[in-house]
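# Structural overview for review
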Amino acid sequence: MQAAELYVLYKSRQEAKIPAVNWNFSGAFYFAFTVFTTVGYGSYQPVTMASKLCLIVFIIPAICLFGFAFAQLSEIMLGVMMRALRALGLAKIRMKIETSPHQWAKMLRKIDANNDGVLTLKEILSGTQEMFCSLGLIDAINASSRTLASKQHWNKIPRENRTLTDTKIISAMFEEEDFDGSGEIDMMQGMVLISKLVKLYEAKEDELQAREELVAALCIFSPLLVAAALGFQALEKHEGFHYSILDTFYFCIVSFTTVGLGDIAPSHGPSKMYWYAYMILSLGTLASIISSITTILISKRKQSLIWTAYKSASRQTLARSSLHHR
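Residues numbered from 1 in each chain as written. Predicted model: local features only at pLDDT ≥ 70, side-chain atom pairs only at ≥ 80, totals over all residues. Heavy atoms only, no water.

### Focus on the overall build of the protein chain
Selection rule: Counting from the N terminus, the helices are DSSP H or I runs at least four residues long and the strands are E runs at least two residues long. When accessible area is computed with a 1.4 Å probe and restricted to protein chains, residues below 20% of their type maximum are described as buried, those above 50% as exposed, and intermediate ones as partly exposed. The contact criterion used throughout is that any non-hydrogen atoms of two residues lie within 4.5 Å.
Scanning the protein chain for helices and strands turns up 11 helices and 2 strands. When its helices and strands are written in sequence order, the protein chain yields α-α-α-α-β-α-α-α-α-β-α-α-α. By residue count, 38% of the 326 residues in the protein chain fall in the buried class. Within the protein chain, residue pairs in contact and separated by at least 24 positions form 70% of the contacts whose partners lie at least 6 positions apart.

### Structural notes on the environment of Ile220
Inspection of the secondary structure puts Ile220 in helix H9 (residues 187-238). Along the primary structure Ile220 and Ser282 are separated by 62 residues, whereas in three dimensions their C-alpha atoms are 8.5 Å apart. Not counting chain neighbours up to four residues away, the residues in contact with Ile220 comprise Met77, Leu78, Met81 and Thr285.

### Details of the pattern of salt bridges
Counted only if it meets this: Only one rule defines a salt bridge in this text: a Lys or Arg side-chain nitrogen within 4 Å of an Asp or Glu carboxyl oxygen.
Enumeration over the complete set of coordinates arrives at 5 salt bridges. Glu207 is the salt-bridge partner of Arg211, the closest N and O atoms lying 3.0 Å from each other. Placement of both Arg211 and Glu207 in helix H9 is noted, with a separation of 4 residues, approximately one turn of the helix. When the shortest N-O distance is used, the salt bridge between Lys300 and Glu207 registers 3.2 Å. One end of the pair, Lys300, is in helix H11 (residues 269-325); the other, Glu207, is in helix H9, with 93 residues separating them in the sequence. The partly exposed category is assigned to Lys300, whose relative accessible area is 41%. Residue class for Glu207 comes out buried when judged on its relative accessible area of 2%. Beyond isolated ion pairs, a larger network of salt bridges with shared partners links Lys204, Glu207, Arg211 and Lys300.

### Overview of the environment of Ser43
For Ser43, the location among the structural elements is in the loop between helix H2 (25-36) and helix H3 (49-87). The class of Ser43 is partly exposed, set by a relative accessible area of 44%.

### Details of the confidence of the model for the protein chain
Heads up, the rule is: For every residue, the predictor states its confidence as a pLDDT score lying anywhere from 0 to 100.
When the pLDDT values of the protein chain are averaged, the result is 79; 78% of them are 70 or greater. No element of the protein chain has a lower mean pLDDT than helix H1 (residues 2-22), at 46, and none a higher one than helix H10 (residues 245-256), at 94. In this model residues 2-18 is a low-confidence stretch, pLDDT under 50, and it forms 2 contacts with partners more than four residues away in sequence or in other chains. Across residues 140-164, confidence stays below pLDDT 50; counting only partners more than four residues off in sequence or on other chains, it has 47 contacts.

### Here we look at a nonpolar patch on the surface
Basically, it comes down to this: Each patch is assembled from residues with relative accessible area greater than 30% and no salt bridge, linking like charges that lie within 9 Å and nonpolar side chains (Val, Leu, Ile, Met, Phe, Trp, Tyr) that lie within 5 Å. Only the protein chains shown count as cover for residues, and the accessible areas themselves come from Shrake-Rupley with a 1.4 Å probe.
On the surface, a cluster of nonpolar side chains totalling about 430 Å² of accessible area is made up of Leu53, Ile56, Val57 and Phe58. Inspection of the secondary structure assignment puts Ile56 in helix H3.

### Digging into the nonpolar core
To be explicit about the condition: To define a nonpolar core, start from buried Ala, Val, Leu, Ile, Met, Phe, Trp, Tyr and Cys residues and group those joined through side-chain atoms within 4.5 Å.
With 40 residues, the main nonpolar core has Tyr30, Tyr41, Phe251, Cys252, Phe256, Trp275 and Met279 as its most contacted residues. Those elements that place two or more of their residues in this core are H2, H3, H9, H10 and H11. With 11 residues, H9 is the single largest residue contributor to this core. With sequence-adjacent residues up to four places away left out, Tyr30 is seen in contact with Tyr41, Ser43, Tyr44, Ala265, Pro266, Lys272, Trp275 and Tyr276. Counting residues in each nonpolar core, the second largest holds 24 residues, with Trp104, Ile185, Tyr201 and Ile306 among its members.

### What to know about H3
Definition in use: A helix is expected to reach a length of 1.5 Å times the quantity of its residues less one.
Here H3 is 39 residues long and its end C-alpha atoms lie 56 Å apart, about the 57 Å a rise of 1.5 Å per residue gives. Inspection of H3 places Ala62, Phe70, Ser74, Met77, Leu78, Met82 and Leu85 among the buried residues, and these make up the whole buried set. Just past H3, the residue Gly89 takes up positive phi, approximately 80 degrees.

### Structural notes on the packing of H3 against H9
Condition: All axes here are fitted lines through C-alpha atoms, helices being fitted over the stretch that makes contact, and every angle between N-to-C directions spans 0 to 180 degrees. Comment on the angle field: the value is read as roughly parallel under 35 degrees, roughly antiparallel over 145, roughly perpendicular from 65 to 115, and oblique elsewhere. Note on residue categories: nonpolar means Ala, Val, Leu, Ile, Met, Phe, Trp, Tyr, Cys or Pro, charged means Asp, Glu, Lys or Arg, and polar means any other residue, Gly included.
Running from N to C, H3 and H9 point in directions that differ by 110 degrees, and their axes come no closer than 9 Å. In terms of axis orientation, H3 runs roughly perpendicular to H9. Mapping the contact onto sequence places Met77, Leu78, Met81, Met82 and Leu85 in H3 and Gln209, Glu212, Glu213, Val215, Ala216, Ala217, Cys219, Ile220 and Leu224 in H9. Here the contact of H3 with H9 is built from residues that sort into 11 nonpolar, 1 polar and 2 charged.

### Side note on unusual backbone geometry
It is generally the case that most residues other than glycine have a negative phi and that most peptide bonds are trans. In this model, Thr38 sits at a positive phi of 65 degrees, which is unusual for a non-glycine residue. Note that Thr38 resides in the loop between H2 and H3. Phi at Thr258 is positive, roughly 60 degrees, even though this residue is not glycine. Following the sequence through the fold, Thr258 ends up in the loop between H10 and H11. Relative accessible area serves as the criterion here: at 25%, Thr258 is assigned to the partly exposed category.

See below:
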């Protein structure tokens, strides 16, 4: 009986207290922030028809605007970190891969040593330096190189890497374009060869760029995560909430990934202000980490598919050649 009376008393006090706490400006701002960042702890929710209608109307535009703002802030932070990494020699400025068909045709004419309008594998392999320097592909050939793609830097690339590029990639592409097995391809087929070469190394370049961006994003996110977890623990301790280090790291990861389970949430003004600041700084950075990892995986998959296709084409060419000799 006494327990029931205590429950009724507690419930009546909470019902009188919660609306005043939740729906003043501070509480409404906290609710809007959790919704528009898609964290959604579920600490409390709208109950009237008007507030639900307002949420329905504004939630999608607000999420788009928040996402755009976080992405812009993350881009600025990543730009600063990338410049720092380049200054330390941990990243480099990458040359743009040439995608102009006019420049491709001009390059192929230079490679055509006999000026007869057709290209042999020997001519293409002899012109590898001209080809890769003109296309800006040297960085993609050798990921460990700290130099820009230019003719004077060609000799700095290890011989084994250049041989791998010459024999396995270009030869496989040439065999695929040499339909009749004559050992020659015309300029149009040469353009197709170049387009496939560019496609392959664009995937490789995307992977290398994503790796550097991943390092930059981790360099930003890691100290933010540690500071957020330690700061949240200290601020909540003043209010009588004794969270462990594991709890605060768990809370920060759940929040920054916008999972927002709601079992732990900031409880008072200073803690919420601290949480706002770190959410703004961390959401875009974590999105960059996820995006970089996804780009690396997709680029590797593209390269694997391209290589598989070329190996298959090489085997078919060898089979046709054997039948022809018989």
